[in-house]
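# Fold and contact review
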Amino acid sequence: MSSKTSLFKKFYILYQIIGLVLIYFVYYWIVQYRGGFSFTEPKIIFNWHPLLMTIAFLYLFANAILHYRTFPNNTKQKLKNQHALIHGCILILIVLAGFAAFVSHQYGKPQIPHLYSLHSWLGVITIIMFLSQLISGLWCFLYPGVAAQHRETLASYHVFFGIGIFILAVATALLGFCEKIIFALSDKYKLLPAEAVLGNILGIVCVFYCILVVYMITKPEFKRQPKLEYETLLK
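Rules of the game
- Residues numbered from 1 in each chain as written.
- Predicted model: local features only at pLDDT ≥ 70, side-chain atom pairs only at ≥ 80, totals over all residues.
- Heavy atoms only, no water.
- Phe/Tyr/Trp six-rings, centres within 6.5 Å; stacked < 30°, edge-to-face > 60°.
- Helix = DSSP H or I, 4+ residues; strand = E, 2+ residues; numbered from the N terminus.
- Buried < 20%, exposed > 50% of the residue type's maximum accessible area, 1.4 Å probe, protein only.
- Axes fitted to C-alpha atoms, helices over the stretch in contact; angles between N-to-C directions.
- Parallel < 35°, antiparallel > 145°, perpendicular 65-115°, else oblique.
- Left-handed = near helix turned anticlockwise from the far one by under 90°.
- Contact = heavy atoms within 4.5 Å.
- Nonpolar A, V, L, I, M, F, W, Y, C, P; charged D, E, K, R; others polar.

How two aromatic rings sit relative to each other is given by the distance of their centres and the angle of their planes. Enumeration over the complete set of coordinates arrives at 18 aromatic pairs. Judged by centre distance (5.2 Å) and plane angle (75°), the ring pair of Phe 8 and Phe 222 falls under edge-to-face. In this pair, Phe 8 sits in helix H1 (residues 3-33) while Phe 222 sits in the segment after helix H8 (194-218), placing the two residues 214 residues apart along the sequence. Using a relative accessible area of 7% as the deciding quantity, one classes Phe 8 as buried. Between Phe 39 and Trp 48, the ring centres sit 5.2 Å apart and the planes meet at 25°, which makes this aromatic pair stacked. Its relative accessible area of 70% is what places Phe 39 among the exposed residues.

What follows concerns the packing of helix H3 (residues 48-65) against helix H7 (residues 148-185). In the contact formed by H3 and H7, the axes pass within 10 Å of each other and the chain directions differ by 155°. Classed by the angle they form, the pair H3 and H7 counts as roughly antiparallel. As for the relative orientation of H3 and H7, their crossing is left-handed in sense. Where H3 approaches H7, its residues Pro 50, Thr 54, Phe 57, Leu 58, Phe 61, Ala 62 and Ile 65 are matched on the opposing element by Gly 162, Ile 165, Phe 166, Ala 169, Val 170, Ala 173 and Phe 177. Residue classes in the contact of H3 with H7 are distributed as twelve nonpolar, two polar and no charged.

This paragraph deals with unusual backbone geometry. Put simply, Lys 109 and Pro 110 share a cis peptide bond, and its omega is 0°. The phi dihedral of Leu 115 is positive, around 50°, even though this residue is not glycine. Tracing the backbone through its elements, the reader meets Leu 115 in the loop between helix H5 (76-107) and helix H6 (118-142). Under the relative-accessibility criterion, Leu 115 is labelled partly exposed at 43%. Positive phi, close to 55°, is recorded for Leu 192, a residue that is not glycine.

Pasting the structure below:
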């Protein structure tokens, strides 16, 4: 095992641990302070939204953009299929999370207007960019009729926008966590109760997680090296 491979595995273990801790923090926060989860009570139905979005856009999306570096010995076709499959799972979770938010706002008492906050605006932009990335990726890298030179040209843009979408997703999540805690605690937030401390720690973990993932995806030494056969897609 080369020193670069060993270093990547150490970073990989660290980022997986942080990602799972992040999911657990969101779950614990919702169960401990926000009433848990429900499929029938509108106010609590919303609680599925932050958990599912955290799993989808922070954890699974990070795994998707690092997938080629994580399993470099797999064949290119297998990596492409797995990469697309992870994105399909992300799409399903996003739909469920969005549905939870809209149902909660529509049928909660009092009703909450849809899509008025900066968090929701950035969320819509993130989802649109994700869908554009997904559709263009399926067409360019999985559709057999696309010429190899076009794939090679678009590959760098695919990587760039993937990183950009992930960073935007983290920023949107931070705004969402902050918005929810401020609305829930109101004037109590400045007194820094336990929930506020947990929320602040959650935000710091998100930032550190984002920095770690971006470092791993942009570090040239971690880039997947092409096999003997000619490969033109993401490495």
